[in-house]
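# Overview (structure and organization)
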4 protein chains.
Amino acid sequence: MYINCDMAESYGHFTIGDDHNVIPLVDACNIACGFHGGDSLTIRNTIKLAVSAKKLIGAHPSYPDLAGFGRNMHLSKDDLYASMMYQIGAVKSITEALGGKLHHVKPHGALYNYSVVDTMTAVTIAQVIYDIDPNLIVITQLGSQLAIAASELGHQVHGEVFADRRYDASGRLASREVENAIIHNPEDVFEHYKHLKNGHALTVYGNLIPMHGHTVCLHGDHPEALRSLQLIKSYGS
Amino acid sequence: MYINCDMAESYGHFTIGDDHNVIPLVDACNIACGFHGGDSLTIRNTIKLAVSAKKLIGAHPSYPDLAGFGRNMHLSKDDLYASMMYQIGAVKSITEALGGKLHHVKPHGALYNYSVVDTMTAVTIAQVIYDIDPNLIVITQLGSQLAIAASELGHQVHGEVFADRRYDASGRLASREVENAIIHNPEDVFEHYKHLKNGHALTVYGNLIPMHGHTVCLHGDHPEALRSLQLIKSYGS
Amino acid sequence: MYINCDMAESYGHFTIGDDHNVIPLVDACNIACGFHGGDSLTIRNTIKLAVSAKKLIGAHPSYPDLAGFGRNMHLSKDDLYASMMYQIGAVKSITEALGGKLHHVKPHGALYNYSVVDTMTAVTIAQVIYDIDPNLIVITQLGSQLAIAASELGHQVHGEVFADRRYDASGRLASREVENAIIHNPEDVFEHYKHLKNGHALTVYGNLIPMHGHTVCLHGDHPEALRSLQLIKSYGS
Amino acid sequence: MYINCDMAESYGHFTIGDDHNVIPLVDACNIACGFHGGDSLTIRNTIKLAVSAKKLIGAHPSYPDLAGFGRNMHLSKDDLYASMMYQIGAVKSITEALGGKLHHVKPHGALYNYSVVDTMTAVTIAQVIYDIDPNLIVITQLGSQLAIAASELGHQVHGEVFADRRYDASGRLASREVENAIIHNPEDVFEHYKHLKNGHALTVYGNLIPMHGHTVCLHGDHPEALRSLQLIKSYGS
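Residues numbered from 1 in each chain as written. Chains lettered and ligands numbered in written order. Predicted model: local features only at pLDDT ≥ 70, side-chain atom pairs only at ≥ 80, totals over all residues. Heavy atoms only, no water.

On to the interface of chain B and chain C. Chain B puts 13 residues into the contact, and the matching count from chain C is 13 residues. Summing the contributions of chain B and of chain C, the shared interface buries around 1,100 Å²; its carbon and sulfur component is 78%. For chain B, the biggest contributors to the area lost against chain C are His 13, Phe 14 and Ala 67 of chain B; these three give 55% of the whole. Residues belonging to the side of chain B that touches chain C are distributed by class as follows: six nonpolar, six polar and one charged. (Contact = heavy atoms within 4.5 Å. Buried area = accessible area lost by both parts, 1.4 Å probe. Nonpolar A, V, L, I, M, F, W, Y, C, P; charged D, E, K, R; others polar.)

Rendered as structure tokens:
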């Protein structure tokens, strides 16, 4: 179960995350594409670091909303398709120009969540990834609309679980508004990670439920993320 | 001497040019990359038309300035390099996803002009084009700093002349502020085109001077551009 | 029944509408605030023309979406409130600096439509207008959520009808997707205007229904809008 | 010699500075206007805090460049004028809607520096401030082109000195690239502040030169800025 982390989300003087220190501790880097974060130089520098460190590189496209970090927007199917093609295309080209190869695509934020439940969104995203390269892996939650749509096109889908988030009784991510939904303490994140590796996830009620994934996400834009990653890394992924 | 035209510069509801009708009349399409114009859907639709019509496709990157259509900005060498890589990369990937192949790069507006005279800008642009693909053709004015820098890296450079612009006595494009600098009348554009094909350009003083180019640019965002292109097309390029 | 028209929607080199020629033909100018259109210079120039022509001046705020001309976005109540305060505030200050006085506020596009039906959106917009100036008039459809919320705060509400749009049987604007929803022909727009002045609106089925408004909107971004406005103007508002 | 600090520069999820804790420690708040930083909600929240704390409130307008925090751009005189009017106007209206009153204007970053040396830029900024309100105070370096232009229009000019920056031998701010130009250590900033209060500034060579100002700037976007401000505050301004 490899570790993925969202990065390259800084924008000019606006800094988010600590990519330089996070990259050595993760397996896969989800690269912001400039629409919710990620200026050109940040994207290029982060991909360069990831290529040097031989990490898996993915595109992390979003709704076009810098001021809101990718809030939900009403895009037409054509606008969504073209926006994805532009964003994924930019990151793919830069990765290749720097000697790497694009490995996967994982939607960002509100687009990630909407592609879990909305068929049109899921089908559109799956199609554009397919049209760019049928060998790209799609990272999403198992059972999501996007997982279904991507599988139907023949894409490999990697199910994602979250080390720093708790689930509801039915196995869905608990909303950030719910008490206990977010795990802050690095030791607790580490404990959850070990459960996930063993096929279980913690619910907000404190019990364990079965949960399987190919890759585990850890958010890198919190001060304690580095500590969580160090604990996990020392344990061995 | 093939005809190139800037396009895909519309942005959402903001329409510039008449790409649908211009494409059949030109040989090479310079595609805006989203930074001075060109939303994702416009870029994708224009490239799709250009691929279908088997036209040469180029990237047309700019300073990042939508409100000013690419005004001159003070970018660091690193920012300029990364911005070019992002913009050219996006258009390259979209072109390939749609079954085409990127043929050339031509900077836009203030960046075009500055790369003619500024060595740092020219060297940076040449380097990033080289790092993306050494087979890309660079379109610029012969003798420009960009022409020199690209040639030194081994790039093929295509000298550009302008059918709808007059030159000064020394063979440089006359500034748009100079009287007679812009040729508006389609018949006059057509006459100038024939002179350029024969190795001569018109000056603002009305005389002809020697002028050689591989490709001639015609701006498509004027109402009479279509008529000029039809005259040229009927004459045979 | 005075005539209002949306304007100042051009953005840099991207031109929408024909404000210079439209202003003399209308009574009230709804000024784009920079978020769906309207660069600073366009806003300032248009307000200057409107002040000189002694027209009523209003702010025309939008969701922050330049690429989509103000598509629906999921903004929090606080974000919406602050965004409205910024946009209306900018246009109010510029109007006053140029010797005018802000007369009204009319939301734009998707925000207009959503404030007709969504209570949170309506209450938030009404509140921010009130907090800026309780004497501002609110332009919206009579009976809308925004009309209700603004009235409750004591605002004067001006009901708006549309000369270039037909209605459904229940008196709501027919969606632009419905056949006959949009009236293109200037003579037909003029006929509809006369019906509206007499307290009736045309439905997409061709019959007349009762319809009352204080102000009639005519969209100025169509080539034939000027002709419609000239017919109406010559008739006398 | 009152203390001013740039703030409201955060943008959505992108956080810069620590306005909540800085405001109680300063006398004057320079509010970003949305063009180099400052989303609508940040601007509104920061002004609200400043009004509650009865601080002096100023507008801090910039070149329109979010990705580069206001890099130098080639704006026409008209574009610069209108951009200033929009930015200052927005902050002025919001301040008034929240029960405050705009006290001053201080340009940001590259625009600040360019208005020190460039007459066209200085005259344009002075004129727009005058056209908005002749009672607004202009904060700039004494002797700058902006100081001259604003004085000629009758504006009160407040000379600005910098506690966390050293000067060259001729009394100009040393460029950030120069060794010792920036003072990082809070105790050193505090020492410099005391020198400035006594009419002297430190040069990069370590000696003191005469230097007079009405207001001292301290940048709040560094982790140690709070400590510097606490030392100064405890000393008494």
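In this section: the environment of Pro 186 of chain C. In this structure, Pro 186 of chain C sits in helix H7 (residues 186–197). The contacts of Pro 186 of chain C, once residues within four sequence positions are left out, are Glu 224, Arg 227, Ser 228 and Leu 231 of chain C. (Helix = DSSP H or I, 4+ residues; strand = E, 2+ residues; numbered from the N terminus.)

Related by rotation about an axis and a shift along that axis, the two copies of the chain form a pair. Screw-axis analysis of chain B against chain C gives a translation of 0.0 Å along the axis, an RMSD of 0.0 Å, and a rotation angle of 180 degrees. The two molecules are tied by a two-fold rotation axis, judged by turn and shift. It is Phe 14 of chain B whose C-alpha, among those of chain B, lies nearest the rotation axis, at 2.7 Å. A high fraction, 100%, of the interface residues of chain B reappear at the interface in chain C, so the copies pair face to face through one surface. (Least-squares fit on C-alpha atoms with pLDDT ≥ 70 in both.)

Quick look at the sheet that holds strand S4 (residues 102–105) of chain C now. All names here are of chain C. Taken in spatial order, the seven strands close into a barrel running S1-S2-S3-S4-S5-S6-S9, and their pairing is parallel. Each strand of the sheet is rotated relative to its neighbour by a mean of 35 degrees, with strand direction disregarded. Pairing of S4 with strand S5 (residues 137–140), which is carried by two bridges, proceeds in the parallel orientation. Considered in S5, the bridge of His 104 is made with Ile 137. Docked against the sheet, helix H6 (residues 145–152) engages S5 and strand S6 (157–162), running at close to 165 degrees with respect to S5. (Pairing = 2+ DSSP bridges. Axes fitted to C-alpha atoms, helices over the stretch in contact; angles between N-to-C directions.)

Residue and element names in this part refer to chain A. On inspection of all chains with the given rule, the structure shows one cavity of 30 Å³ or more. By volume, the largest cavity is sized at about 70 Å³. Every residue along the wall of the largest cavity is listed here: Cys 5, Asp 6, Met 7, Glu 9, Ile 16, Gly 17, Asp 18, Asp 19, Val 22, His 219, Gly 220 and Asp 221. At the level of secondary structure, the elements contributing two or more residues to the lining of the largest cavity comprise strand S1 (2–7) and helix H1 (19–22). A total of three residues in the lining of the largest cavity trace back to one element, the largest contributor, which is S1. In terms of residue class, the lining of the largest cavity is made up of four nonpolar, three polar and five charged. (1 Å grid on protein atoms, 1.4 Å probe; cavity = no way out; pocket = protein on both sides within 12 Å on 5 of 7 lines; lining within 4 Å. Points joined across faces, edges and corners; volume = space filled by probe spheres on them.)

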